[in-house]
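# Structural overview
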Amino acid sequence: MSGEEWGAALRLLWGPPVRPARGPKRGLTLEGIAGAGVGIADRQGLGGVSMQLVAGELGVTKMALYRYVPGKSELVALMVESAMPEPVLLDEALAGADGWRGRLGVWARGLLAGFREHPWLLEATVGARVMGPKEIGWMERALVALDGCGLSGAEAMDTVVLVTGHVRGIAEQERAAGGGASGPGVTSGPGATSGSDAASGPDAELGKVLGEVMREHGERYPALRAALASVAEHGGQDQALEFGLERIFDGVGLLVERRTRG
């Protein structure tokens, strides 16, 4: 985003209701514009979104749309705000969670649910950009989950970044495998609980492919062959989300223990 785009996005996301820049009054709202963009992105991906297509969805000319939203960068910012789950939907589950680990786990699963519902959010939520009230609300709840742990502000922020990166990695894997919301970990909604679908998740798909390779070339890769045989015998595929969260929390827990002791 350029400086001008930053300013426009900031006004659209945080400022008072927008009136058209010029021309006759139109029956458009920012919510309606964002919703039209979200619908296109859900069907065609973020790359399929254009001001022309959104205008067509709304039954107006592109020039009419520009009276409300100056360009695609600002449109995408509005779409992200529209598509992100309401952070307040997490609050009940967060309140019932056990300690900071439980709260941050609820948060991470809710974030994954949002990425599964709108996979294009993975592209739209990278880089320096203006975040809206919903996205800031998610960040706020992650930091509140770490209240009382003795971490510095920088350490708490880095913990949230670390967990977010893990969730994004899982979501990217699922997206690449075509798993979407059918994958394991979160069934639906920000407060949903963990689940498992080892027969169709990305790890299982990879296991099938690798199994074929190992049948022909396994003697060249004995450690991988042994690991795959163990998975086949004992299970454990498609637990990457929970396994990664637990290992991240174990490491953060050591830091928390040091901070609270000191």
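Since this is a predicted model, take the numbers as computed values, not measurements.

### Looking at the overall build of the protein chain
Counting its secondary structure elements, the protein chain contains 13 helices and zero strands. Each helix (α) and strand (β) of the protein chain, taken in turn from the N terminus, gives the series α-α-α-α-α-α-α-α-α-α-α-α-α. When each of the 262 residues of the protein chain is scored for burial, the buried share is 42%. Long-range pairs, those at least 24 residues apart, make up 72% of the contacts in the protein chain with a sequence separation of at least 6. About 13600 Å² of surface is accessible on the protein chain, with carbon and sulfur atoms providing 56% of the total.

### Notes on the packing of helix α7 (residues 99-117) against helix α10 (residues 153-177)
Where α7 meets α10, the axes come as close as 10 Å, and the angle between the chain directions of the two elements is 35°. For the element pair α7 and α10, the recorded crossing hand is right-handed. On α10, the residues that touch Leu104, Trp107, Ala108, Leu111, Leu112, Phe115 and Arg116 of α7 are Thr159, Val160, Val163, Thr164, Val167, Arg168, Ile170, Ala171 and Glu174. When its residues are assigned to classes, the contact of α7 with α10 shows 11 nonpolar, two polar and three charged.

### Overview of the packing of aromatic side chains
Under the counting rule described, the total for this entry stands at two aromatic pairs. With 5.7 Å between their ring centres and 75° between their planes, Trp100 and Phe249 make a pair best called edge-to-face. Taken as a pair, Trp100 in helix α7 and Phe249 in helix α13 (residues 240-261) lie far apart in primary sequence, 149 residues in all. Note on accessibility: Trp100 and Phe249 belong to one class, buried. For Arg247, the ring lying beneath its charged end belongs to Phe243, and the centroid distance is 5.0 Å.

### Thoughts on the packing of helix α5 (residues 72-83) against helix α9 (residues 133-145)
Following both chains from N to C, one finds α5 and α9 inclined at 55°, their axes separated by 7 Å at the closest point. With respect to each other, α5 and α9 are oriented oblique. Judged by residue contacts, Val80, Glu81 and Ser82 of α5 engage Pro133, Lys134 and Glu135 from α9.

### Let's talk about the environment of Leu210
The topology assignment puts Leu210 in helix α11 (residues 202-217). Taking the C-alpha atoms as reference points, Leu210 and Leu224, 14 residues apart in sequence, are found 9.0 Å from one another.

### Quick notes on the side chain of Glu74
Checked against the element boundaries, Glu74 lands in helix α5. Arg11 provides the closest opposite charge to the buried, salt-bridge-free Glu74, at an N-O distance of 7.2 Å. Those residues in contact with Glu74 that lie beyond four places of it in its chain are Glu5, Ala8, Ala9, Leu12 and Val69.

### Concerning the pattern of salt bridges
Side chains that differ in charge, positive against negative, can pair when their charged atoms come close. Within the structure shown, the criterion is met by 12 salt bridges. Each of Arg101, Glu246, Arg247 and Asp250 takes part in one network of salt bridges that share partners.

### Concerning a nonpolar patch on the surface
Among the surface-exposed residues, Leu10, Trp14 and Ile136 lie close enough to one another that they form a single nonpolar patch of about 280 Å² accessible area. The exposure class assigned to Ile136 is partly exposed, which follows from its relative accessible area of 32%.

### Quick look at the environment of Leu78
As for its position among the elements, Leu78 is in helix α5. Taking the C-alpha atoms as reference, Leu78 lies 8.0 Å from Glu31; in sequence the two are 47 residues apart. Each residue touching Leu78, except ones within four places of it in the same chain, is listed here: Leu12, Leu13, Leu30, Ala34 and Val69.

### Remarks on the nonpolar core
Grouped together as the largest cluster of nonpolar side chains are 61 residues, with contacts concentrated most on Val69, Trp107, Trp120 and Val163. At eight residues, α7 tops the list of elements feeding residues into this core. The contacts of Trp107, once residues within four sequence positions are left out, are Leu90, Leu94, Trp138, Arg141, Ala142, Val160, Val163 and Thr164.

### Points about α7
Taking 1.5 Å of rise per residue, the 19 residues of α7 would be expected to cover 27 Å, and the 28 Å separating its terminal C-alpha atoms lies within 8% of that figure. Taking burial as the measure, the 19 residues of α7 include 14 buried ones, the bulk of the element.

### Notes on α13
With 22 residues, α13 ought to run about 32 Å at 1.5 Å a step, and its terminal C-alpha atoms sit 31 Å apart, in line with that. Taken as a whole, α13 has its buried residues at Leu241, Glu242, Gly244, Leu245, Ile248, Phe249, Val252, Gly253, Leu255 and Val256.

### Section: the confidence of the model for the protein chain
Looking at the protein chain, pLDDT values average 86 and 81% of them are 70 or higher. Here residues 180-188 is a poorly scored stretch, pLDDT under 50, and it has 30 contacts once near neighbours within four places are set aside; other chains count. pLDDT under 50 marks residues 193-198. Its contacts with residues more than four places away, or in other chains, come to 17 contacts.

What counts as what
- Sequence order sets the numbering: in each chain, residues are counted from 1 along the sequence as written.
- Side-chain atom pairs in this predicted model are given and counted only at pLDDT of 80 or more, local residue features only at pLDDT of at least 70, and totals for whole chains, interfaces and linings cover all residues.
- Working from all heavy atoms in the structure, the side-chain values ignore hydrogens and water.
- Helix numbering and strand numbering both begin at the N terminus, where a helix is a DSSP run of H or I of at least 4 residues and a strand a DSSP run of E of at least 2.
- Throughout, exposure labels follow a simple rule: accessible area from a 1.4 Å probe, protein chains only, divided by the maximum for the residue type, with under 20% read as buried, over 50% as exposed, and the rest as partly exposed.
- By definition in these notes, contact holds between two residues if any of their heavy atoms fall within 4.5 Å.
- All accessible areas in this document rest on Shrake-Rupley with a 1.4 Å probe, and a residue is counted as covered only by the protein chains that are shown.
- Lines fitted to C-alpha atoms define the axes, with helix axes restricted to the stretch in contact, and inter-axis angles between N-to-C directions lie between 0 and 180 degrees.
- Each crossing gets its handedness from the near helix: less than a right angle anticlockwise from the far helix is left-handed, clockwise is right-handed.
- For this classification, the nonpolar set comprises Ala, Val, Leu, Ile, Met, Phe, Trp, Tyr, Cys and Pro, the charged set comprises Asp, Glu, Lys and Arg, and every other residue, Gly included, is treated as polar.
- Geometry of aromatic contacts follows a simple scheme: Phe, Tyr and Trp rings, the Trp one being its six-membered ring, pair when their centres are within 6.5 Å, and the pair is stacked under 30 degrees between planes, edge-to-face over 60, tilted otherwise.
- Only Lys NZ and Arg CZ are tested; either one counts as a charge over a ring when it is within 6 Å of the ring centre and within 35 degrees of the ring normal.
- Note on angle classes: values under 35 degrees are labelled roughly parallel, values over 145 roughly antiparallel, values of 65 to 115 roughly perpendicular, and the remainder oblique.
- Lys and Arg are tallied as positive, Asp and Glu as negative. Neither His nor the chain termini are counted.
- Here, a salt bridge means any Lys or Arg side-chain nitrogen found within 4 Å of an Asp or Glu carboxyl oxygen.
- Patches in this entry comprise residues that are over 30% relatively accessible and not in a salt bridge; like charges within 9 Å are linked, as are nonpolar side chains (Val, Leu, Ile, Met, Phe, Trp, Tyr) within 5 Å.
- The criterion is simple. A nonpolar core is a set of buried Ala, Val, Leu, Ile, Met, Phe, Trp, Tyr and Cys residues joined through side-chain atoms within 4.5 Å.
- An expected span of 1.5 Å times one less than the residue number is assigned to each helix.
- Here pLDDT means the predictor's own confidence in every residue, given as a number from 0 to 100.

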